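Breakdown of the fold
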Amino acid sequence: AAQDEDDIGGAIVNVGGSPQIRNILFRNNFSTGEFPDGGGGAVFNTEGADATFVNCRFVNNESRQGGAVYVRASSPRFLNCRFEDGTAQAGGGVHSTQEGQPFFDGCTFRGNSAIQGGAVTNELNSTATIQNWLFEFNESAANNIAGALLNVDSNPIVTDCVFRNNTAGILGGAVHNLRGTSPRF
């Protein structure tokens, strides 16, 4: 079924494209898409999209999945970006799913919140590469999991990151791994 363009990617919908996006502020964007495909308050990447975001800020964006960014079966790159005050049901900053392979270097996730995966959620064979990150003051809802990073059936690579002052309702103030997850730290 086709989706209404207002249901996904509040600012950008990237289907198979490779744009270079630099020094842009994505503020107060939202999407209202339903599960399983709705998401990306600011950006929705799918079908091999290989966008590159450099020195971008994602502030106060909202969606059901991926408050700022939704990644499905694509490989976007985020270099020196900031994700702040995003909200979602899953992944207050970013939600990566269905073999998504996002790459993040030198990013900051601060003040994001979600029911689960306050800053980032990786699921369904997502292989995110996360390096040189700062995760701070992110949170999951009361009685829920993963204040900063939630991994479900995924294999993220996490190196040289700082997790500080993240909170979860019950499990994994910083990181929580579920079902078949094999992260490399």
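My aim in this report is to walk through the structure given alongside it, one point at a time. (Residues numbered from 1 in each chain as written. Predicted model: local features only at pLDDT ≥ 70, side-chain atom pairs only at ≥ 80, totals over all residues. Heavy atoms only, no water.)

Observations concerning the overall build of the chain
When you go through the chain residue by residue, the secondary structure sums to 0 helices and 22 strands. Taking 185 residues into account, the globule formula puts the C-alpha radius of gyration at 16 Å, and the chain, at 14 Å, falls close to it. For the chain, the spread of C-alpha atoms along the principal axes amounts to about 35 × 30 × 30 Å. Per-residue burial for the chain yields a buried fraction of 50% across its 185 residues. Counted over contacts in the chain with a minimum sequence separation of 6, partners at least 24 positions apart contribute 83%. Accessible surface, the chain: about 7700 Å² in total, of which carbon and sulfur atoms supply 45%. Counting 11 positive and 18 negative side-chain charges, the chain places the centres of these two groups 9 Å from one another. (Helix = DSSP H or I, 4+ residues; strand = E, 2+ residues; numbered from the N terminus. Rg over C-alpha atoms; globule rule 2.2 N^0.38 Å. Buried < 20%, exposed > 50% of the residue type's maximum accessible area, 1.4 Å probe, protein only. Contact = heavy atoms within 4.5 Å. Areas by Shrake-Rupley, 256 points an atom, 1.4 Å probe, with all protein chains shown as cover. Lys, Arg positive; Asp, Glu negative; His and termini not counted. Charge placed at Lys NZ, Arg CZ, Asp CG, Glu CD.)

Examining the side chain of Asn112
With respect to the helices, strands and loops of the structure, Asn112 is situated in the loop between strand E13 (108-110) and strand E14 (113-116). At a separation of 3.5 Å, a polar atom in the side chain of Asn112 contacts the main-chain amide nitrogen of Asp85. Those residues in contact with Asn112 that sit more than four places away from it in its chain are Phe83, Glu84, Asp85, Gly86, Gly92, Gly93, Gly118, Ala119, Phe137, Asn138 and Glu139. (Polar contact = N/O pair within 3.5 Å; in protein donor to acceptor, adjacent residues only side chain to side chain.)

Some words on the sheet that holds strand E6 (residues 57-59)
An order of E3-E6-E9-E13-E17-E21 is seen for the 6 strands of this open sheet, with the pairing classed as parallel. The open sheet has two edge strands with one neighbour each: strand E3 (25-27) and strand E21 (162-164). Geometrically, the sheet is characterised by an average inter-axis angle of 5° between neighbouring strands, direction not taken into account. Inspection of the sheet shows strand E9 (residues 82-84) paired to E13 by 3 bridges, in the parallel sense. By the bridge assignment, Glu84 is partnered in E13 with Arg110. (Pairing = 2+ DSSP bridges. Axes fitted to C-alpha atoms, helices over the stretch in contact; angles between N-to-C directions.)

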